[in-house]
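Here are the chains, one letter per residue:
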Amino acid sequence: MPLDILTIGEALVEVMRTDIDQPLNQPGPFVGPYPSGAPFIFAVQAARLGLKTAAIGSVGADAFGECLLNQLEADGVVTDGVKRLADQTTGIAFVAYRADGSRDFVFSLGAGGHITDDMLQPALFAGARCFHIMGSTLSMSEAVLSVCHKALEMALNAGALISFDPNLRPELLPPENARIAFAPFIAAADIFLPTETELLQLSGADAVGDAVADLLAERPDRIIALTRGADGCSVFTADGRMDVAGYAVREVDPTGAGDCFDAAFISGILEGMPIREAAQLANACGAIAVSAKGPMAGAKSRASVERFMHDNPYQG
């Protein structure tokens, strides 16, 4: 049976400081490991919403790799595209939280950075309805960028919708370099999911309206969902702009909120929802995601999300 969504990218686990303002350069307690990696958080949220989902990536043949694989299998994510590398350790991110809501990271990509052409199984692409890719993946290395170009070509040839979240990581790739590297993926995107900062940095425009106008002139059928965190999102199409309010929650852990938003928005589009309803679903998933500690802990089932939306009526 063909996939609803296929994604590709960095597989990780996270190990996190237990309290606020505990720096990573000093001894202190941690909690984890938690399954993570932006494309894999996305895949788990999509699967929990009921979509048949697969992810392509690599883990080590170690306990952390088992941690991630066990979670994927528990959620029904197809793992045929996940490779276990005996000579690599699973990618890991150490995370510390600051009182102002920012985070500090120490990354070791390990196996997560080893994505190769032979992992692009044609059977995964055949009939896939949507291929979702992130800028964090494109930023890992020139070798991975090359593989992702091939994956994009395979997805286009298979007739899949293309979804792209810039997920800009300046520590991996400066914005001026990302503008060049990401250009073919933005050009191909049927669904584009940037923040306002990412949109302006990658377009070179001075105003959101100018950047959006250029993108829609290139592809009038494109959907641009501009994520605004707690303020919800703004969706742009050839029919105009639609501002969709967010949901008020207490933020515990922002990790994965954008990935959950992406999965829900795409889910709504694939299900044929009106765009406003898809955006409301996405805002709900993003809000729920920040209210739980752990990268995938806030990615909830469709029933849980619908209960949250019922109990927190949309005010937009």
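Residues numbered from 1 in each chain as written. Predicted model: local features only at pLDDT ≥ 70, side-chain atom pairs only at ≥ 80, totals over all residues. Heavy atoms only, no water.

### Let's talk about the overall build of the protein chain
- Each helix and strand in the protein chain was counted, giving eleven helices and 13 strands.
- C-alpha extents for the protein chain along the principal axes are approximately 50 × 45 × 40 Å.
- Going through the 316 residues of the protein chain one by one, you find that 55% of them count as buried.
- Of the contacts formed within the protein chain by residues at least 6 apart in sequence, a portion of 71% connects residues at least 24 apart. (Helix = DSSP H or I, 4+ residues; strand = E, 2+ residues; numbered from the N terminus. Buried < 20%, exposed > 50% of the residue type's maximum accessible area, 1.4 Å probe, protein only. Contact = heavy atoms within 4.5 Å.)

### Some words on the sheet that holds strand S9 (residues 161–165)
- The nine strands are arranged S5-S4-S1-S8-S9-S10-S11-S12-S13 in an open sheet whose pairing can be described as mixed. Both edges of this open sheet fall to strand S5 (82–85) and strand S13 (240–244), since each of them pairs with a single strand only.
- Relative to strand S8 (residues 130–134), strand S1 (residues 5–8) runs parallel, the two sharing three bridges. Bridge pairing in S8 places Ile-5 opposite Cys-130.
- Relative to S9, helix H6 (residues 175–188) is tilted by about 135 degrees, and along the sheet it contacts S8, S9 and strand S10 (191–192). (Pairing = 2+ DSSP bridges. Axes fitted to C-alpha atoms, helices over the stretch in contact; angles between N-to-C directions.)

### What to know about helix H5 (residues 142–157)
- The terminal C-alpha atoms of H5 lie 23 Å apart, and with 16 residues this matches the ideal 22 Å at 1.5 Å per residue to within 8%.
- Buried within H5 we find Val-144, Leu-145, Val-147, Cys-148, Ala-151, Leu-152, Met-154 and Ala-155.
- Structurally, H5 contributes buried residues whose contacts are with S1, helix H3 (122–125), S8, helix H4 (135–138), S9 and H6. (Expected span 1.5 Å × (residues − 1).)

### Topic: the packing of aromatic side chains
- Per the counting criterion, the structure on display carries eight aromatic pairs.
- Ring geometry for Phe-261 versus Phe-265: centroids 6.2 Å apart, planes at 5 degrees, classification stacked. With Phe-261 and Phe-265 both in helix H9 (residues 257–270) and four residues apart, the pair spans about one turn of that helix. Just as Phe-261 is buried, Phe-265 falls in that class too.
- Here the aromatic residues Phe-164, Phe-182, Phe-185 and Phe-192 are joined through ring pairs into a cluster of three or more. (Phe/Tyr/Trp six-rings, centres within 6.5 Å; stacked < 30°, edge-to-face > 60°.)

### Notes on the packing of H5 against H6
- Between H5 and H6, whose axes approach to 11 Å, the crossing angle comes to 15 degrees. By the criterion of interaxial angle, the relationship of H5 to H6 is roughly parallel. Seen along the crossing, H5 lies across H6 with a hand that is left-handed. Within the contact between the two elements, H5 uses Leu-145, Cys-148, His-149, Leu-152 and Leu-156 and H6 uses Ala-181, Pro-184, Phe-185 and Ala-188.
- Considering only residue class, the contact of H5 with H6 consists of eight nonpolar, one polar and no charged. (Parallel < 35°, antiparallel > 145°, perpendicular 65-115°, else oblique. Left-handed = near helix turned anticlockwise from the far one by under 90°. Nonpolar A, V, L, I, M, F, W, Y, C, P; charged D, E, K, R; others polar.)

### What to know about the environment of Asp-253
- Mapped onto the secondary structure, Asp-253 falls in the loop between S13 and H9.
- Taking C-alpha positions, Asp-253 is 7.0 Å from Gly-294, a pair spaced 41 residues apart along the chain.
- If near-sequence neighbours (up to four positions away) are discounted, Asp-253 is found in contact with Met-16, Tyr-97, Ala-289, Val-290, Ala-292, Lys-293, Gly-294 and Pro-295.

### Examining the packing of H9 against helix H10 (residues 275–290)
- Packing of H9 against H10 brings their axes to within 7 Å, and their N-to-C directions diverge by 155 degrees. Taken together, H9 and H10 sit at an angle that is classed as roughly antiparallel. Our pair here, H9 against H10, has a crossing hand that is right-handed. Residue-level inspection shows Ala-257, Cys-260, Phe-261, Ala-264, Phe-265, Gly-268 and Ile-269 of H9 in contact with H10, the latter providing Ile-275, Ala-278, Ala-279, Leu-281, Ala-282, Asn-283, Cys-285, Gly-286, Ala-289 and Val-290.

### Things to note about the nonpolar core
- Membership of the largest hydrophobic core comes to 53 residues, with the highest contact counts inside it found for Ile-5, Phe-40, Leu-72, Phe-265 and Ile-266.
- No other element matches H10, which puts ten residues into this core. (Core = buried A, V, L, I, M, F, W, Y, C linked by side-chain atoms within 4.5 Å.)

### Examining the sheet that holds strand S7 (residues 103–108)
- Sheet architecture is open: four strands sit in the order S3-S2-S6-S7, paired in mixed fashion. For this open sheet the edge positions go to strand S3 (30–36) and S7, each flanked by a neighbour on one side alone. Strand-to-strand, the axes of this sheet are offset by a mean angle of 25 degrees, without reference to chain direction.
- Inspection of the sheet shows strand S6 (residues 91–97) paired to S7 by six bridges, in the antiparallel sense. For Ile-92, the partnering residue across the bridge sits in S7 and is Ser-108.
- Seen against the sheet, helix H2 (residues 63–74) touches strand S2 (12–20), S3 and S6 and runs at an angle of roughly 55 degrees to S3.

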